[in-house]
Amino acid sequence: MSGTMLPVLPGAWPGLIRLPGHPAAHLGAGAAARLSDALAALGADRVLVVHGQTSYLRSGADRSVAALSERHTVEHFDGVRPNPGIEQIRAGVDAVRRFAPHAVVGIGGGSSLDVAKTIAVLAAQRHDAEECLRHTEVVTERRECALVLLPTTAGSGSEMTRFATVYIEGRKHSLDVDQARADLVLVDTDLTASLPLGDSVASGLDALSQAVESYWSVAATDVSRALALNALDRLVPALARAADTGTFTDPAIRVGTAHGASLAGAAIDLTRTTAAHALSYDLTARLGLAHGIAVALNLPWLLERHATVGASDCRHPRGASAVRDAVAVIEDVTRNRAGRSVRQLVEQLLIRAGQPARIEDLALPAEHWRGPLTEALASGRATNNPCLLTEADVLQLLR
């Protein structure tokens, strides 16, 4: 099974949309019902399903997995928690090595998908899981099993990327290797129908931030910019309708957010994220804020900061005017598709979710936050940012 790619089956699966930016990603209502057929086509007799507890049952994904037992030997690695730590990864690696599955199937939000990717990759490595996460250059062995991902949220984009986030001693580490890219992605919009409002908002805002950050990234290309704009074109009207109605239950909203989130994921797979994500991780680790909320709290002020970038603080290879133009394009798309600015859309959604509308509302004491947030500006994600940010930028956010 090592290195085997699942077949691309757009013609065999009528009614599903083939997603760009991935060799075998499909979207549509009922896509999860194709899981057994896909695994059978691969010849995957032994299947390890990685998932959490609540969302797995609430989404109805358990019914698709139950059907697998008729044709496959299935084991579960369940109980995945948000913002997975090294202990979960070690346990998952042990499960993969013990069970020796032909396929690892990750089902859930970004954390479940990240765990599935990480344990499928690290189980084949010669080094300890923690060493692999701290020093990804030692991750050299190919996966020994196929990797299939089914998101139950519309936002993380993890199903489309080749990287995963794990926390060690409260610090974020990224497994960023080609082996972490899924062989097959099934995005079933029905799986997000029962997602609570707060989770839907956090997921949607994460996807919005990914699209924006990919578009202005210093690593952006014509391909990634097209994916990011396509993502915004689908996300913005869906999120605006959700903000106005206070619900994501409308099927059109679910389709728009799921489609846009996967496109945003494909975009950041090419570019990676930037400062909004870099500055979010300590907010999540120390305050327990949902990842998408923490990212979104940084997005509006960064847009405004980038709109004033000059030659002296510009990192973008195309120059400061290109960064300002990117901000203008993002704002124009949002106003044309949602009738409001990015800040207005973000704040409206945050309020709907019962969250602070602005990062300043957190009233973060400078003596506790100045160091961690300034250090975040030296991270890989921050150096991908088109505008050079300094401690002075951080201090404006703190009490």
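Residues numbered from 1 in each chain as written. Predicted model: local features only at pLDDT ≥ 70, side-chain atom pairs only at ≥ 80, totals over all residues. Heavy atoms only, no water.

A. Fine view of the overall build of the protein. Of the regular secondary structure elements, the protein holds 17 helices and nine strands. For a compact globule of 399 residues, the expected C-alpha radius of gyration is about 21 Å, and the protein comes in at 20 Å, within 12% of that figure. Seen through its principal axes, the protein has C-alpha atoms that stretch 60 × 45 × 40 Å. Summarising the internal contacts of the protein: among those between residues at least 6 apart in sequence, 76% fall at separations of at least 24. Of note, the protein has its 38 positive side-chain charges centred 2 Å away from the centre of its 43 negative side-chain charges. (Helix = DSSP H or I, 4+ residues; strand = E, 2+ residues; numbered from the N terminus. Rg over C-alpha atoms; globule rule 2.2 N^0.38 Å. Contact = heavy atoms within 4.5 Å. Lys, Arg positive; Asp, Glu negative; His and termini not counted. Charge placed at Lys NZ, Arg CZ, Asp CG, Glu CD.)

B. The arrangement of the packing of helix α8 (residues 222-245) against helix α14 (residues 342-352) in detail. Across the interface, α8 lies against α14 with an axial gap of 9 Å and an inter-helix angle of 45°. With respect to α14, the element α8 is oriented oblique. Between α8 and α14 the crossing geometry is left-handed. Packed against α8, whose contacting residues are Val-236, Leu-239, Ala-240, Ala-243, Asp-244 and Thr-245, the element α14 presents Leu-345, Gln-348, Leu-349 and Arg-352 at the interface. For the contact of α8 with α14, the residue count by class is six nonpolar, two polar and two charged. (Axes fitted to C-alpha atoms, helices over the stretch in contact; angles between N-to-C directions. Parallel < 35°, antiparallel > 145°, perpendicular 65-115°, else oblique. Left-handed = near helix turned anticlockwise from the far one by under 90°. Nonpolar A, V, L, I, M, F, W, Y, C, P; charged D, E, K, R; others polar.)

C. Layout of the packing of aromatic side chains. All told, the structure shown has zero aromatic pairs when counted by the stated rule. For Arg-286, the ring lying beneath its charged end belongs to Trp-369, and the centroid distance is 4.3 Å. Taking the ring centre of Phe-163 as reference, the NZ or CZ of Arg-381 above it sits at 5.1 Å. (Phe/Tyr/Trp six-rings, centres within 6.5 Å; stacked < 30°, edge-to-face > 60°. Lys NZ or Arg CZ within 6 Å of the ring centre and 35° of its normal.)

D. A look at the layout of surface pockets. Its volume calculated, the largest pocket comes out at about 950 Å³. Contributing to the lining of the largest pocket are 43 residues, with Pro-82, Gly-109, Gly-110, Ser-111 and His-291 lying nearest its centre. When residues of the lining of the largest pocket are traced back to their parent elements, those giving at least two are α2 (54-59), α5 (110-122), β7 (163-168), α7 (197-216), α11 (281-287) and α12 (291-306). In terms of residues, the lining of the largest pocket owes the most to one element, α7, which gives five residues. (1 Å grid on protein atoms, 1.4 Å probe; cavity = no way out; pocket = protein on both sides within 12 Å on 5 of 7 lines; lining within 4 Å. Points joined across faces, edges and corners; volume = space filled by probe spheres on them.)

E. Region of interest: the pairing of strand β3 (residues 46-50). Most of β3 is tucked away: four of the five residues are buried. Across four bridges, the pairing between β3 and strand β5 (residues 103-108) is parallel. Looking at the pairing, Val-50 lines up with Gly-106 of β5. (Buried < 20%, exposed > 50% of the residue type's maximum accessible area, 1.4 Å probe, protein only. Pairing = 2+ DSSP bridges.)

F. Representation of empty space enclosed by the protein within the structure. Inspection of the entire model under this criterion finds three cavities of 30 Å³ or more. Volume-wise, the largest cavity comes out at about 80 Å³. In this structure, the largest cavity is lined by Ala-154, Thr-192, Leu-195, Ser-200, Ser-203, Gly-204, Phe-248, Arg-254 and Thr-257. In terms of residue count, the dominant contributor to the lining of the largest cavity is α7 (three residues). Of the residues contributing to the lining of the largest cavity, the split by class is three nonpolar, five polar and one charged.

G. Local environment of the sheet that holds strand β1 (residues 17-18). Spatial strand order, β1-β2-β9-β6-β5-β3-β4: seven strands in an open sheet with mixed pairing. The open sheet is flanked by β1 and β4 (73-77), the only strands paired with a single partner. The pairing of strand β2 (residues 25-27) with strand β9 (residues 184-187) spans three bridges and is parallel. Bridge assignment links Leu-27 to a residue of β9, and that residue is Val-187. Its contacts with the sheet put helix α4 (residues 86-99) on β3, β4 and β5, and the angle it makes with β4 is roughly 165°.

H. Structural detail: the side chain of Arg-143. For Arg-143, the location among the structural elements is in the loop between α6 (129-134) and β6 (146-151). Separated by 2.7 Å, the side chain of Arg-143 and the backbone oxygen of Gln-179 make a polar contact. (Polar contact = N/O pair within 3.5 Å; in protein donor to acceptor, adjacent residues only side chain to side chain.)

I. Structural context of the environment of Ala-124. Mapped onto the elements, Ala-124 comes out in the loop between α5 and α6. Overall, the relative accessible area of 13% leaves Ala-124 in the buried class. Separated by 108 residues in the primary sequence, Ala-124 and Leu-232 place their C-alpha atoms 37 Å from one another. Excluding residues that lie within four positions of it along the chain, Ala-124 makes contacts with Glu-141, Arg-142, Arg-143 and Glu-144.

J. The arrangement of the environment of Ala-182 in detail. Tracing the sequence through the fold places Ala-182 in the loop between β8 (171-176) and β9. Residues Ala-182 and Pro-14, spaced 168 residues apart in sequence, show a C-alpha to C-alpha distance of 21 Å. If we skip the residues at most four places from it in the chain, Ala-182 touches His-22, Leu-147, Leu-149 and Glu-159.

K. Seen up close, the pattern of salt bridges. According to the stated counting rule, one finds 23 salt bridges in the structure shown. Of the charged contacts in the structure, one is a salt bridge between Arg-98 and Glu-75, with a shortest N-O distance of 3.1 Å. In this pair, Arg-98 is assigned in helix α4 and Glu-75 in strand β4, connecting sequence segments 23 residues apart. The class of Arg-98 is exposed, set by a relative accessible area of 56%. A relative accessible area of 26% means that Glu-75 is categorised as partly exposed. Taking the shortest distance from any N to any O, the salt bridge between Arg-90 and Glu-130 comes out at 2.9 Å. Linking Arg-90 in helix α4 with Glu-130 in helix α6, this pair joins segments that are 40 residues apart in sequence. What makes Arg-90 partly exposed here is its relative accessible area of 33%. Among the residues examined, Glu-130 registers a relative accessible area of 19% and is labelled buried. (Salt bridge = Lys/Arg side-chain N within 4 Å of Asp/Glu carboxyl O.)

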